[in-house]
Amino acid sequence: MKIKALNGFKDIIPGEVELWQQVENSARDIFARFNFSEIRTPILEKTDLFARSIGETTDIVEKEMYTFVDKQITMRPEATASLLRAYIQHGLHVQKPIQRLFTIGPMFRHERPQKGRLRQFHQMDAEVLGTANPRVDAELMAMGAMLLHELGVTVSLEMNSLGCPVCRPGFRETLLAFIEERKEALCEDCGRRSKTNPLRVLDCKNPKCREQVEEAPSIQEHLCDDCDEHFGAVQSGLQQLGIQYSLNRFMVRGLDYYTRTTFEFITQDLGAQAAVGAGGRYDSLVEKLGGPNVPGIGFAIGMERLVLLLQQHEEEVPVGNAIDIFVAGLGEKASEFAFSLVHALRQKGLQTAMDHEGRSLKSQMKQANKVHSRYVLIIGENELEQGQAVLRNMVNQEQQEIAINRGTEELSHFLVEECQPSSNVAKLSAQKL
Ligand code: HAM
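In what follows, the accompanying structure is described.

1. A few points about the site of the ligand
(1) Moving on: In the vicinity of the ligand, 27 residues are found, and the nearest of them are Glu78, Glu111, Leu118, Glu127 and Tyr258.
(2) Moving on: With respect to the ligand, the side chain of Tyr257 contributes an N or O atom lying 3.0 Å from a nitrogen atom.
(3) Moving on: Contacts to the ligand include Val276, whose backbone N or O atom sits 3.0 Å from an oxygen atom.
(4) Moving on: When the ligand sits alone it has 660 Å² of accessible area, and the protein chains cover 96% of it.
(5) Moving on: Ranked by residue count, the leading element in the shell around the ligand is strand 10 (residues 275-281), at 6 residues.
(6) Moving on: Of the residues that constitute the shell around the ligand, the class distribution is 11 nonpolar, 8 polar and 8 charged.

The structure is reproduced here in C-alpha cells:
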C-alpha cells in the first residue's frame, strides 16, 4: 500500500515551489525596507506558552493544538508566542529598546481541512516590540498592504479596537446583558462562549447569530479616552499614508492576547477562508509571559492563502531557476569532458546542467529547453578531437564555434564571460577575469 501525506498536510513540489519562493522573496524584500530582522524559533514549545498567551478558552488551545500530552510540549500553532518567548529569553529588549522582528515558517493547527485551511500551514509573521505609538500600528498595516499590493493581490483592510483592561471589562458587561436577552436564539457554541469569552459571540459565522448581534453595542463606542485617542491616531496614520481601510466592530479575532488595534486583510476570492492576513496589538502579553512591561503589535500572513490567490490570477507560473548553460556531450569521451567542465562552471557560480544517460543530441536539446537553459554547449565526438564545440544562445538561436582545447580553467572562465550569468557568485568571478 502506498503511503500518502497526512490529511491537511501538503507537499510543495517543483512547479509550485517557485511561487512560494517568489512570495517569500517579496516578503523578505519588504520586511527589509521596513527595517525588520529575521528570527527563527523552534517548532516545539512548552504547551503552557500557548495556553498563557493565546488563551485557555480559545478554539486554538481548546481543540486545535498538536500536543505531546505526556511531555507537555506543543507544535506551535502560531508564531507570536514563540517569538515573544525568544525575545524575553535572550533579553532582546536590553539590546535594542524597539525590536522589529519577522519569521517565516510552518504552523500547526488541527482544524478541519478545506480550501485555504490546512493542518500544517505557513505564516510570514512580523512583530514590533517596545512601542505603543499608534503610527507603528499604521506603519505595520501599510507594510502588509504594500506586500500584498506588490504581489498583485487585491484585499480590503478591516480594523477594530478591542480596548484595554480599563475599558473592556465595562464593555463586556454591557455586551453580556445584550446577549443574555437573546441567548435562546444563539447557536450552541455561542451559548458556551457567552460564559467564557462573550466578545467571540460578535464574530460567530452562524447566520442566526449574525442576525442577533446586528444591534449589539459597539466596542468602538465604549473605549476609554486613551484607547479612543489611540484608535483615532491609528486611523489618521493610515489616512496620511493613503491606506484604504474600513472599521469592523464585529472583528474580535480568535486569540485572547489582543488589546486596542486589531486588523485583517480580507479577500473575496477564497470563499470561507477570507482572511489572508491578520494581527493586532498586545500591550500586556510580554509581561504576562514573564518579560518586561513592553507593548507590542504584529501580524501574520497565511502563505497558502496568498499562493492560492496568486495561482488564481496568474496565467503562467513563473519558471524556477533558469539554467545558465546546459553542456551536451555526445558519446562517452565528450560526456567525460563535459563532466569536469560542468563541475568547474558550477564552482564559478554558473547554474549548469548535463545529461548522464547518453541521450541523443535531440533529446539533450529537449532537456535543455525544459530547464529553460539560456545557452547550450554542444560537444560532439569529432569536435572534441578537433578541440572545437558549438555554443548556442537559446534565446536568439545564434551560435558560434569556440575552442575547447585550452584547459578546463580557461574554458570555464571564457564561458562565464560569454553567458552573463544570473548568480552573484558568477558575476563576481567574471569581474575578476
Ligand atoms: P491568525 O488569524 O490565527 O493570527 O492567523 C493569521 C493568518 O494565518 C490567517 O489570516 C490565515 O491567513 C493564516 N492561517 C491561520 N490558520 C490557518 C490554517 N489552518 N490554514 C491556512 N492558513 C491559516 C495569528 O496567528 C496571529 N499570531 C497573528 C499575529 C501576529 N497577531 C499579532 N502578531
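Anyway, onward from the coordinates.
2. Structural notes on helix 6 (residues 134-150)
(1) Moving on: End to end, helix 6 covers 24 Å across 17 residues, agreeing with the expected 24 Å (1.5 Å per residue, within 8%).
(2) Moving on: With a side-chain oxygen lying 2.8 Å from the backbone nitrogen of Arg135, the N-terminal cap of helix 6 falls on Asn133.

3. Some thoughts on the environment of Thr131
(1) Moving on: On the secondary structure map, Thr131 appears in the loop between strand 6 (120-129) and helix 6.
(2) Moving on: Residues Thr131 and Gln220, spaced 89 residues apart in sequence, show a C-alpha to C-alpha distance of 22 Å.
(3) Moving on: Residue contacts for Thr131: discarding those within four places in its chain leaves Ile98, Val136, Arg281 and Pro295.
(4) Moving on: A polar side-chain atom of Thr131 sits 3.0 Å from the main-chain amide nitrogen of Asn133.

4. Examining the pattern of salt bridges
(1) Moving on: Scanning all chains against the criterion turns up 22 salt bridges.
(2) Moving on: Arg85 is the partner of Glu45 in a salt bridge, and the nearest nitrogen-oxygen pair spans 2.7 Å. Of this pair, Glu45 sits in strand 2 (residues 44-46) while Arg85 sits in helix 4 (residues 80-89), placing them 40 residues apart in sequence.
(3) Moving on: For Arg182, the salt bridge is made with Glu181, and the minimal N-O distance between the two is 3.5 Å.
(4) Moving on: Using a relative accessible area of 65% as the deciding quantity, one classes Glu181 as exposed.
(5) Moving on: Via salt bridges that share partners, Glu24, Arg28, Glu38 and Arg40 belong to a single interconnected network.

5. A word on the environment of Glu64
(1) Moving on: Note that Glu64 resides in helix 3 (residues 59-64).
(2) Moving on: When the C-alpha positions of Glu64 and Lys288 are compared, they lie 22 Å apart, and in sequence the two are 224 residues distant.
(3) Moving on: Once residues within four sequence positions are removed from consideration, Glu64 is found in contact with Asp59, Phe108, Arg109, His110 and Glu111.

6. Remarks on the sheet that holds strand 3 (residues 66-68)
(1) Moving on: Judged by pairing direction, the sheet is antiparallel, and its 3 strands sit side by side in the order 2-4-3 without closing on themselves. Two strands in the sheet have a free side with no partner beyond their single neighbour: strand 2 and strand 3. Averaged over neighbouring strand pairs, the angle between their axes works out to 35° when direction is ignored.
(2) Moving on: Alignment of strand 3 against strand 4 (residues 73-75), held across 3 bridges, turns out to be antiparallel. Residue pairing across strands places Phe68 opposite Ile73, the latter belonging to strand 4.
(3) Moving on: In the packing of helix 2 (residues 47-54) onto the sheet, the strands contacted are strand 2, strand 3 and strand 4, and the crossing angle to strand 2 comes to about 70°.

7. Focus: the environment of Arg359
(1) Moving on: One can find Arg359 in the loop between strand 13 (352-354) and helix 14 (361-370).
(2) Moving on: Between the alpha carbons of Arg359 and Val69 there is a distance of 55 Å; along the sequence they are 290 residues apart.
(3) Moving on: Among residues more than four places away in sequence, those in contact with Arg359 are Leu330, Gln364 and Gln367.

8. Digging into the pairing of strand 12 (residues 325-329)
One face of the sheet, then the other: side chains in a regular strand alternate in exactly this way.
(1) Moving on: Buried residues dominate strand 12, accounting for 5 of its 5 residues.
(2) Moving on: Residues Ile325, Val327 and Gly329 point to one face of strand 12 and Phe326 and Ala328 to the other, with burial holding for every one of them.
(3) Moving on: In this sheet, strand 13 lies alongside strand 12 in parallel orientation, the contact comprising 3 bridges. Residue pairing for strand 13: Phe326 is matched across the bridge by Ala353.

9. With respect to the packing of aromatic side chains
(1) Moving on: With the rule as written, the count across this model stands at 8 aromatic pairs.
(2) Moving on: Taking 6.2 Å as the distance between ring centres and 45° as the angle between the ring planes, the aromatic pair formed by Phe31 and Phe36 counts as tilted. An identical accessibility class is assigned to Phe31 and Phe36; each is buried.
(3) Moving on: The interplanar angle of 65° and the centroid separation of 4.8 Å between the aromatic rings of Tyr257 and Tyr258 together place this pair among those described as edge-to-face. Here Tyr257 matches Tyr258 in class, with each residue buried.
(4) Moving on: In this structure an aromatic cluster arises from ring pairing among Phe31, Phe36 and Phe102.
(5) Moving on: One cation-aromatic arrangement involves Arg182 over Phe178; the distance from NZ or CZ to the ring centre is 3.7 Å.
(6) Moving on: The ring of Phe414 has Arg406 lying over it, and the distance from NZ or CZ to the ring centre is 4.3 Å.

10. Remarks on the packing of helix 2 against helix 4
For any two helices packed against each other, one specifies the crossing angle of their axes together with the interaxial distance.
(1) Moving on: One can describe the packing of helix 2 onto helix 4 by two numbers: an axis separation of 9 Å at closest approach and a directional angle of 110°. The orientation of helix 2 relative to helix 4 falls into the category roughly perpendicular. For the pair formed by helix 2 and helix 4, the contact residues are Leu49, Phe50 and Ser53 on the first element and Ala81, Ser82 and Arg85 on the second.
(2) Moving on: Tallied by class, residues from the contact of helix 2 with helix 4 come to 3 nonpolar, 2 polar and 1 charged.

11. Description of the sheet that holds strand 7 (residues 156-161)
Two pairing modes exist for strands in a sheet, parallel and antiparallel, and in both the strands are linked by backbone hydrogen bonds.
(1) Moving on: Judged by pairing direction, the sheet is mixed, and its 8 strands sit side by side in the order 1-5-6-11-10-9-7-8 without closing on themselves. In the strand order of this sheet, the two ends are held by strand 1 (37-38) and strand 8 (246-247), each with one partner.
(2) Moving on: As defined by bridge partners, strand 7 adjoins strand 8 across 2 bridges and the pair is classed as parallel. Paired with Glu158 across the two strands is Ser246, which belongs to strand 8.
(3) Moving on: Sheet strands in contact with helix 4 are strand 5 (99-108) and strand 6, and its direction is about 45° off that of strand 6.
(4) Moving on: Packing against the sheet, helix 10 (residues 225-240) makes contact with strand 7, strand 8, strand 9 (261-266) and strand 10, and its axis sits at approximately 160° to strand 7.

Calculation criteria
Residues numbered from 1 in each chain as written. Predicted model: local features only at pLDDT ≥ 70, side-chain atom pairs only at ≥ 80, totals over all residues. Heavy atoms only, no water. Near = heavy atom within 4 Å. Polar contact = N/O pair within 3.5 Å; in protein donor to acceptor, adjacent residues only side chain to side chain. Areas by Shrake-Rupley, 256 points an atom, 1.4 Å probe, with all protein chains shown as cover. Helix = DSSP H or I, 4+ residues; strand = E, 2+ residues; numbered from the N terminus. Nonpolar A, V, L, I, M, F, W, Y, C, P; charged D, E, K, R; others polar. Expected span 1.5 Å × (residues − 1). Contact = heavy atoms within 4.5 Å. Salt bridge = Lys/Arg side-chain N within 4 Å of Asp/Glu carboxyl O. Buried < 20%, exposed > 50% of the residue type's maximum accessible area, 1.4 Å probe, protein only. Pairing = 2+ DSSP bridges. Axes fitted to C-alpha atoms, helices over the stretch in contact; angles between N-to-C directions. Phe/Tyr/Trp six-rings, centres within 6.5 Å; stacked < 30°, edge-to-face > 60°. Lys NZ or Arg CZ within 6 Å of the ring centre and 35° of its normal. Parallel < 35°, antiparallel > 145°, perpendicular 65-115°, else oblique.

Just distances and angles here, no functional claims.
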